[in-house]
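Listed here are the chains, written in short residue letters.
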Amino acid sequence: MTTQAEHRMPPASPPAEAGLLPSAEPVRFLDDDGAAAPGDAHGRYERPPSELLRRAYDAMVLGRRFDAQATALTKQGRLAVYPSSRGQEAGEIGAVLALRETDWLFPTYRDSMALIARGIDPVEALTLLRGSWHCGYDPMATRTAPQCTPLATHAPHAVGVAYAARRRGEDTVALVLIGDGGTSEGDFHEALNFAAVFHAPVVFLVQNNGFAISVPLSRQTAAPSLAHKGVGYGVRSERVDGNDPLAVLAVLNDAVESARAGGGPVLVEAHTYRVEPHTNADDDGRYRDHDEVETWKRRDPIARLEAHLRAAGELTDDDVAAARSAAEEYAADVRKRLGEEATGDPAELFAHVYASPTPQLREQAAWLAEELAR
Amino acid sequence: MTVTMGKALNAALRDAMREDETVLMFGEDVGPLGGVFRVTDGLTAEFGEDRCFDTPLAEAGIVGLAVGMAMNGFRPVVEMQFDAFAYPAFEQIASHVAKMRNRTRGAVGLPMVIRVPYAGGIGGVEHHSDSSEAYYAHTPGLKVVTPATVADAYSLLREAIADPDPVVFMEPKKLYWAKDEVSLPVRTSPFGTAEVRRPGTDATLVAYGPAVPVALEAAAAAEAEGRSLEVVDLRTLVPFDDATVASSVRRTGRCVVVAEATGFASVSAEIAARVQERCFHSLWAPVLRVTGWDVPFPPPVLEKYQLPGVDRVLDTVERLQFDDAPDPRFLVAR
Ligand SMILES: Cc1ncc(C[n+]2csc(CCOP(=O)(O)OP(=O)(O)O)c2C)c(N)n1
Ligand SMILES: [Mg+2]
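Residues numbered from 1 in each chain as written. Chains lettered and ligands numbered in written order. Predicted model: local features only at pLDDT ≥ 70, side-chain atom pairs only at ≥ 80, totals over all residues. Heavy atoms only, no water.

Here we take up the overall build of chain B. Each helix and strand counted, chain B has 12 helices and 14 strands in total. By the compact-globule yardstick of 20 Å for 334 residues, chain B fits well, its C-alpha radius of gyration being 20 Å. Seen through its C-alpha atoms, chain B measures out along the principal axes to roughly 65 × 45 × 35 Å. Counting the 334 residues in chain B, one finds 62% classified as buried. Long-range pairs, those at least 24 residues apart, make up 81% of the contacts in chain B with a sequence separation of at least 6. The positive charge centre, built from 32 side chains, and the negative charge centre, built from 45, are 4 Å apart in chain B. (Helix = DSSP H or I, 4+ residues; strand = E, 2+ residues; numbered from the N terminus. Rg over C-alpha atoms; globule rule 2.2 N^0.38 Å. Buried < 20%, exposed > 50% of the residue type's maximum accessible area, 1.4 Å probe, protein only. Contact = heavy atoms within 4.5 Å. Lys, Arg positive; Asp, Glu negative; His and termini not counted. Charge placed at Lys NZ, Arg CZ, Asp CG, Glu CD.)

Turning our eyes to something else, we now look at the domain arrangement of chain B. How big an interface is tends to be stated in terms of accessible area lost as the parts join. Residue and element names in this part refer to chain B. Per the domain assignment, the segments making up chain B are domain 1 (2–181) and domain 2 (195–333). Domain 1 and domain 2 are separated by 28 Å when their C-alpha centres are compared. Taken together, the contact pairs 28 residues of domain 1 with 23 residues of domain 2. For the pairing of domain 1 and domain 2, the buried interface totals around 1,900 Å² over both sides, and the portion due to carbon and sulfur atoms is 62%. The largest contributions to the domain 1 side of the interface with domain 2 come from E133, T146 and K174, which together make up 22% of the buried area. Where domain 1 packs against domain 2, one counts two salt bridges. Residue composition of the side of domain 1 that touches domain 2, by class: 14 nonpolar, eight polar and six charged. (Domains from an automatic or database assignment. Buried area = accessible area lost by both parts, 1.4 Å probe. Salt bridge = Lys/Arg side-chain N within 4 Å of Asp/Glu carboxyl O. Nonpolar A, V, L, I, M, F, W, Y, C, P; charged D, E, K, R; others polar.)

In this section: helix 4 (residues 90–97) of chain B. For an α-helix the count is 3.6 residues per turn, leaving residues at separations of three or four pointing the same way. By the criterion of burial, helix 4 of chain B is predominantly enclosed, with six of the eight residues buried. Considered for burial, the residues of helix 4 of chain B that qualify are Q92, I93, A94, S95, H96 and V97 of chain B. Where the residues of helix 4 of chain B are buried, they touch helix 6 (155–167) and helix 7 (186–197) of chain A together with helix 3 (59–71), helix 5 (100–103), strand 5 (113–118) and helix 6 (133–137) of chain B.

This paragraph deals with the interface of chain B and chain A. At the interface, 51 residues of chain B touch 43 residues of chain A. Roughly 3,800 Å² is buried in total at the junction of chain B and chain A, and carbon and sulfur atoms are behind 61% of that figure. Taken together, chain B and chain A are joined by two salt bridges. Measuring nitrogen to oxygen at the nearest pair gives 2.7 Å for the salt bridge that ties R105 of chain B to E348 of chain A. Run the count over chain B and chain A and you get 19 residue pairs in polar contact (both at pLDDT 80 or more). Listing elements by their share of the side of chain B that touches chain A, those giving two or more residues are helix 2 (43–47), strand 3 (52–54), helix 3, helix 4, helix 5 and helix 10 (267–279) of chain B. A per-element tally of the side of chain B that touches chain A places helix 3 of chain B first, with 10 residues. Classifying every residue of the side of chain B that touches chain A by side-chain character gives 22 nonpolar, 15 polar and 14 charged. (Polar contact = N/O pair within 3.5 Å; in protein donor to acceptor, adjacent residues only side chain to side chain.)

A contiguous nonpolar patch, built from W293, V295, V301, L302 and Y305 of chain B and spanning about 540 Å² of accessible area, is present on the exposed surface. Here Y305 of chain B lies in helix 11 (residues 303–306). (Patch = residues over 30% accessible without salt bridge, like charges linked within 9 Å, V, L, I, M, F, W, Y side chains within 5 Å. Areas by Shrake-Rupley, 256 points an atom, 1.4 Å probe, with all protein chains shown as cover.)

Looking now at the pattern of salt bridges. Residue and element names in this part refer to chain A. What the rule picks out here adds up to 47 salt bridges over all chains. Between D121 and R337 there is a salt bridge; the shortest N-O distance is 2.8 Å. One end of the pair, D121, is in the loop between helix 3 (112–117) and helix 4 (122–125); the other, R337, is in helix 11 (residues 317–337), and 216 residues separate them in sequence. With a closest N to O distance of 3.8 Å, R324 and E306 form a salt bridge.

Here we take up the sheet that holds strand 6 (residues 143–145) of chain B. Residues and elements named next belong to chain B. Taken in spatial order, the seven strands line up as 3-2-4-5-7-6-12 in an open sheet, and their pairing is mixed. Here the strands that pair on one side only, and so sit at the sheet edges, are strand 3 and strand 12 (236–238). The mean inter-strand angle of the sheet, taken between neighbouring strand axes irrespective of direction, is 20 degrees. Across six bridges, strand 5 lies against strand 7 (residues 167–172) in parallel orientation. Counterpart to V116 in the pairing with strand 7 is M170. (Pairing = 2+ DSSP bridges. Axes fitted to C-alpha atoms, helices over the stretch in contact; angles between N-to-C directions.)

Taken together, 16 residues form the shell around ligand 1, and within it Y109, R110, D180, G181 and G182 of chain A come nearest. With respect to ligand 1, its neighbouring residues span chains A and B. Note that an oxygen atom of ligand 1 is positioned 2.6 Å from one of the side-chain N or O atoms of R110 of chain A. In this structure, an oxygen atom belonging to ligand 1 sits 2.8 Å away from a main-chain N or O atom of G181 of chain A. Protein contacts shield 75% of the accessible area of ligand 1, which totals 580 Å² for the unbound molecule. Residue composition of the shell around ligand 1, grouped by class: six nonpolar, six polar and four charged. (Near = heavy atom within 4 Å.)

Now for the packing of aromatic side chains. A full pass over the atoms with the stated rule returns 19 aromatic pairs over all chains. Plain terms: the ring middles of F188 of chain A and F204 of chain A are 6.4 Å apart, the flat faces sit at 90 degrees to each other, and that makes the pair edge-to-face. Here F188 of chain A is found in helix 7, whereas its partner F204 of chain A is found in strand 3 (residues 202–208), with 16 residues between them in sequence. Residue classification places F204 of chain A among the buried positions, given a relative accessible area of 0%. Geometrically, the ring pair formed by F194 of chain A and F198 of chain A is tilted, given 6.1 Å between the ring centres and 50 degrees between the ring planes. Residue F198 of chain A is classed as buried on the basis of its relative accessible area, which comes to 12%. An aromatic cluster is built from Y163, F194 and F198 of chain A together with F26 and F53 of chain B, whose rings are joined through pairwise contacts. Here R288 of chain A stacks its cationic end above the ring of F211 of chain A, 5.3 Å away from the centre of that ring. (Phe/Tyr/Trp six-rings, centres within 6.5 Å; stacked < 30°, edge-to-face > 60°. Lys NZ or Arg CZ within 6 Å of the ring centre and 35° of its normal.)

Time to look at empty space enclosed by the protein. Taken as a whole, this structure holds three cavities of 30 Å³ or more when the rule is applied. If you go around the largest cavity, the residues you meet are F106, A145, P146, C148, H154 and H157 of chain A together with M71, H96, M100 and R103 of chain B. Of the residues contributing to the lining of the largest cavity, the split by class is six nonpolar, three polar and one charged. (1 Å grid on protein atoms, 1.4 Å probe; cavity = no way out; pocket = protein on both sides within 12 Å on 5 of 7 lines; lining within 4 Å. Points joined across faces, edges and corners; volume = space filled by probe spheres on them.)

A few words on the nonpolar core. In terms of nonpolar packing, the biggest core is built from 88 residues, with F204 of chain A together with M71 of chain B touching the most fellow members. Looking at this core, the element that brings in the most residues is helix 3 of chain B, giving eight residues. In this structure, M71 of chain B is in contact with W104, F106, M140, A145 and V161 of chain A together with M100, V108 and L110 of chain B, ignoring residues within four places of it in sequence. V61, A90, V268 and L315 of chain A belong to the second largest nonpolar core, which has 45 residues in total. (Core = buried A, V, L, I, M, F, W, Y, C linked by side-chain atoms within 4.5 Å.)

This part is about unusual backbone geometry. All names here are of chain B. In this model, L184 is joined to P185 through a cis peptide bond whose omega is -5 degrees. For P185, the position within the fold is in the loop between strand 8 (179–181) and strand 9 (195–198). That bond from V238 to P239 is cis: its omega, -5 degrees, falls within 30 degrees of zero. Notably, R235 is not glycine yet its phi reads approximately 70 degrees, a positive angle.

Turning next to the pairing of strand 5 of chain B. The buried count for strand 5 of chain B comes to six of six residues, which makes it a mostly enclosed element. In strand 5 of chain B, alternate side chains face the same way, and those of V113, R115 and P117 of chain B on one face and I114, V116 and Y118 of chain B on the other are all buried.

Below, the structure written as structure tokens:
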């Protein structure tokens, strides 16, 4: 069954890595104002279908409103903390729209917007950030892993889930979201390497938003781009203008379908920007210029998509109004349902540590119950 | 038949893989080589490279891959090559393996086993002899198991693989070659039960893993000197069998914990605390411990001074105030 391993000197000229390297410039369809930009370098991508762009538009408008509502709720003490993804809507929504229901999403703490785009109830999605001990939704039912906080540690899980599915002959893909800072963590590299060696259908989407809390990208890497990190592992990589929804959708769809078709893992770097502070508790004036934020706000992904769709005659004033009012309704519902103090049953603390509690946990549960009964 | 612990572990893996095709074995050199201790010998040949395979050399990646596969229908068993080489995986173990069920409110269980050859006694060089059980036992959500007998090695590993929760399976590497008469497959008592390996009346020696044979040898030697020592083998550190330990100590009235790991903030410290909480009124002397000194494990030249041996155990037993004299080491000057 097992063949003896072979080890040879490499050929004089190694096979070209060109097929793995990202394009020299990030893939873009739109310029900063939403007008058509010159085509992508590979010529490999097509404008996503209009119907998909319309769905993306509605979801991005909704996502942004939800995100603003969540930030507002921190001020009223209804959320313990909230890391905003405002300005990253193209990546958040694009990642979800590229996936089928049967695919898996591995989000971080920043990706609440992606959770609701995936159809997870917003109150469930915000459970963790409300300060609860659990993620709030059922990862098995939603095929969405709990939001991961220890940076990049969920990346090897995505590889495992994808590889497991492939082993059973399923065509499931796993997409894992990572920040620019997270690419410095060892688990990111181990995950890329494992994905390549096991040919696992995983898409790594690095949302390079310029900062890891206060630390700029220049302190994370000296590589030409984060996408270049794929080639050393044999992972095909791509760079995309992360604020260009057409480009993000085109590249992610291509990446997901290529992984699904057996092409192995793909690494995508989306160049974007964190226009809000790291979280509501951060003071970004200590480490960046406001001018820089303003420059990036002018590359707003929603405005760019809106301009493009209007110019194409695929979005009317009524459509825009409808999207906004749906978003308002959604936000009002979130506001109302998060109006009450988060509660929890302390007895449940002992319930899910193991499939069934150890004698020691039963004992401690009884002690706590006794204390509460006094 | 005569079986070594290594062979019993190998048989447990083989039988589990035969019974359930979702059971996988992977790690470093576990494929054609059969693992550096040969515990996975022949598994790739029998089950193919899909079921028992080598991975890239990266422990966090190995454990992380296992997490994902356990989330998606498999029961992975992974081998950490040596105790101290599991540390790169510690973040995966502490933040994900241990917490996944809890942080998903019970929705995602991880039926996986992390096998860790551990502890000293085989003349290993630096970084090959750590007793790392306290790190795992201290982490809620993990079960921590360590066999001391050949039969337990088989049975506890089978139980670990079948368990719905993640199990850190600590294999005392100096016992890999220990032999016993066992007919496999064998089933011993389940997780959470300690075993009285030798009954006695004067004092209880509580031990686990590599310290169990030491405690038994000490008890045999003590008998010659007229002391009757009971030996309790914990078998599983988590869940812990308070009942068996406490009932033994209540009967004997004296207790020494024997462990190879360093003593400070250790499993042996936990055992001593639990015994005094439960047995205070039955104790004739303070609970004492024989552990490794609180120093980094000294590789083979000085190893014999680090490992708790029979003499040190017997010396400690004699400090249990049989003639009503307190241990002078613990007297505070007034
Ligand atoms: C292993 C680990 N180290 C440190 C932290 C603390 N931390 C939380 S977010 C963050 C910055 C992450 O930056 P990046 O990966 O770029 O993601 P972003 O927040 O920009 O989305 C840090 C350092 C952590 N969560 N995990
Ligand atoms: Mg960042």
